[in-house]
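# Inside the fold
Spelled out, the chains give:
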Amino acid sequence: MRSRDKAAVSALRGTLAALDNAEAVPLDEDSPRAGALEASPAGAGATEAARRELGEREVLDVVRAEADERLEAAARLTAPAHAARAERLRAEARVLLRFLDTDEEPQPTPKHG
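Conventions we followed
- Residues numbered from 1 in each chain as written.
- Predicted model: local features only at pLDDT ≥ 70, side-chain atom pairs only at ≥ 80, totals over all residues.
- Heavy atoms only, no water.
- Helix = DSSP H or I, 4+ residues; strand = E, 2+ residues; numbered from the N terminus.
- Expected span 1.5 Å × (residues − 1).
- Buried < 20%, exposed > 50% of the residue type's maximum accessible area, 1.4 Å probe, protein only.
- Contact = heavy atoms within 4.5 Å.
- Core = buried A, V, L, I, M, F, W, Y, C linked by side-chain atoms within 4.5 Å.
- Salt bridge = Lys/Arg side-chain N within 4 Å of Asp/Glu carboxyl O.
- Polar contact = N/O pair within 3.5 Å; in protein donor to acceptor, adjacent residues only side chain to side chain.
- Axes fitted to C-alpha atoms, helices over the stretch in contact; angles between N-to-C directions.
- Parallel < 35°, antiparallel > 145°, perpendicular 65-115°, else oblique.
- Left-handed = near helix turned anticlockwise from the far one by under 90°.
- Nonpolar A, V, L, I, M, F, W, Y, C, P; charged D, E, K, R; others polar.
- pLDDT = per-residue confidence, 0-100.

This part takes up helix H3 (residues 83-98). Three- or four-residue spacings in an α-helix give side chains the same orientation, since the helix completes a turn every 3.6 residues. Under the 1.5 Å per step criterion, the end-to-end length of H3 is 23 Å for 16 residues, consistent within 8% with the ideal 22 Å. Along H3, the positions that sit buried rather than exposed are Ala86, Leu89, Ala91, Glu92, Ala93, Val95, Leu96 and Leu97. The inward-facing, buried residues of H3 abut helix H1 (6-22) and helix H2 (56-76).

Dropping the structure here:
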């Protein structure tokens, strides 16, 4: 942020949000969605749930997915009017790829269904 590298700041903020989402506790199908107010837990922290802890591999997978998402979006921006936006997305992907310790050129990873 201090160096005013907008691409790096944007990429890192987006990836931190994605990591935060990945740590969210998934709701199971059987848990109640709503109920009577009097049946609700009361008190400070009564409704808090422990966050998931991501392992190193999971963190790297999220970072890789964020980089791939930016590269795929850049590849779809083919009109000359979108060249600056596409380059910014590629710059963001390069920032993220540096965290993966790869020497590869930014290329989107093929999706497997």
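Text resumes after the structure shown.
Counting residues in each nonpolar core, the largest one holds 10 residues, listed as Ala8, Ala11, Val63, Ala67, Leu71, Ala93, Val95, Leu96, Leu97 and Leu100. Of all the elements in the fold, those that place two or more residues in this core are H1, H2 and H3. The element that contributes the greatest number of residues to this core is H3, accounting for four residues. Those residues in contact with Ala11 that lie beyond four places of it in its chain are Arg70, Glu92, Val95 and Leu96.

Once that is clear, we can look at the pattern of salt bridges. Tallying each qualifying case throughout the model produces nine salt bridges. The salt bridge partner of Glu66 is Arg70, with a shortest N-O separation of 3.0 Å. Here Glu66 and its partner Arg70 are both found in helix H2, four residues apart, which amounts to about one turn of the helix. Judged on exposure class, the residue Glu66 and its partner Arg70 are both buried. Through salt bridges with shared partners, a single ionic network connects Glu66, Arg70, Arg88 and Glu92.

Further remarks concern H1. Between its first and last C-alpha atoms H1 spans 24 Å; for 17 residues at 1.5 Å apiece the expected length is 24 Å, and the two agree. N-capping of H1 is provided by Asp5, with a side-chain oxygen placed 3.3 Å from the backbone N of Ala7.

A few words now on the packing of H1 against H2. When two helices pack together, their arrangement is captured by the angle between the axes and the distance separating the axes. Axis separation between H1 and H2 bottoms out at 10 Å; the angle between their running directions is 130°. The pairing of H1 with H2 is recorded here as oblique in orientation. H2 is crossed by H1, and the crossing has right-handed handedness. Within the contact between the two elements, H1 uses Ser10, Ala11, Gly14, Thr15, Ala18, Leu19 and Ala22 and H2 uses Val59, Val62, Val63, Glu66 and Arg70. When the residues that make up the contact of H1 with H2 are grouped by side-chain class, the tally is seven nonpolar, three polar and two charged.

Here the focus is the confidence of the model for the chain. With 69% of its residues at a pLDDT of at least 70, the chain reaches an overall mean of 82. When pLDDT is averaged over each helix and strand of the chain, the minimum, 94, is found for H1 and the maximum, 96, for H2.

Okay, the side chain of Arg70 next. Judged by its relative accessible area of 10%, Arg70 is buried. Leaving out residues up to four positions away in the same chain, Arg70 has contacts with Ser10, Ala11, Gly14, Leu89, Glu92, Ala93 and Leu96.

Let us look at the environment of Asp5. Secondary-structure assignment places Asp5 in the segment before H1. When its relative accessible area of 33% is taken as the criterion, Asp5 is described as partly exposed. One polar contact links the side chain of Asp5 to the main-chain amide nitrogen of Ala8, over a distance of 3.2 Å.

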